[in-house]
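Now for the letters of each chain:
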Amino acid sequence: LSLMNSEHSFNIYKGENKFVQEDAYAATSVTSNDQYADWGCGGDVFWNPSDTRSGPTNDKNVKTRESWIGLAHELGHADAADRGRARNEKYAPNSVWPQLRGVKLDEFHAMEYENHVRANANLPKRVAYTEVPMYVTFGPMINFMPVSED
């Protein structure tokens, strides 16, 4: 993990799953202003070891996951902040689906990070942040749905 060699500090606490950036400007430095590229920052990871709720996966029958997958997701946010690549802007603030209005673009990075961990553990890939099909909003720009084989 890149966080092990980071110059930034990260703490893990028991709590509801979330990541709190130490400095929102530095966390987004690469995506917001190249002059400050690679600033990055640390932060606090909160993890609930009892939370086994899963986002939608490519196995429609899976509704739960191991709790450590939630930790991996939050570490994905930490990784983005560490490298100054967090995306705090909203994915679809004007969506017809209320579930998508508050979702930050950074959730895609965290899901990608989570999916690397899932792949290493032979677990189904997470394909969306919510039950709402995100690919409908922007089409092929961001498509986490599995490709059809026919």
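Because the structure is predicted, anything quoted here is derived from the model rather than measured.

Student: Which parts of the structure should I look at to understand the environment of Ala81?
Tutor: Along the chain, Ala81 falls in helix α3 (residues 67-82). Along the primary structure Ala81 and Ser29 are separated by 52 residues, whereas in three dimensions their C-alpha atoms are 8.9 Å apart. The residues touching Ala81, leaving out its near neighbours within four places in the chain, are Phe19, Gln21, Ala26, Ala27, Gly40, Cys41 and Ala86.

Student: So what exactly am I meant to see when it comes to the sheet that holds strand β3 (residues 43-47) here?
Tutor: The strands that make up a sheet pair up through hydrogen bonds in the backbone, lying either parallel or antiparallel. On the basis of which strands lie adjacent, the open sheet formed by three strands has the order β1-β3-β2 and mixed pairing. At either margin of the open sheet sits one strand with a lone partner, and together these are β1 (10-14) and β2 (18-21). With strand direction ignored, the average angle separating the axes of adjacent strands in the sheet is 20°. Direction of pairing for β1 relative to β3: parallel, over a ladder of five bridges. Residue pairing across strands places Phe10 opposite Gly43, the latter belonging to β3. Here α3 sits on the sheet in contact with β1, β2 and β3, set at roughly 170° to β3.

Rules of the game
Residues numbered from 1 in each chain as written. Predicted model: local features only at pLDDT ≥ 70, side-chain atom pairs only at ≥ 80, totals over all residues. Heavy atoms only, no water. Helix = DSSP H or I, 4+ residues; strand = E, 2+ residues; numbered from the N terminus. Contact = heavy atoms within 4.5 Å. Pairing = 2+ DSSP bridges. Axes fitted to C-alpha atoms, helices over the stretch in contact; angles between N-to-C directions.

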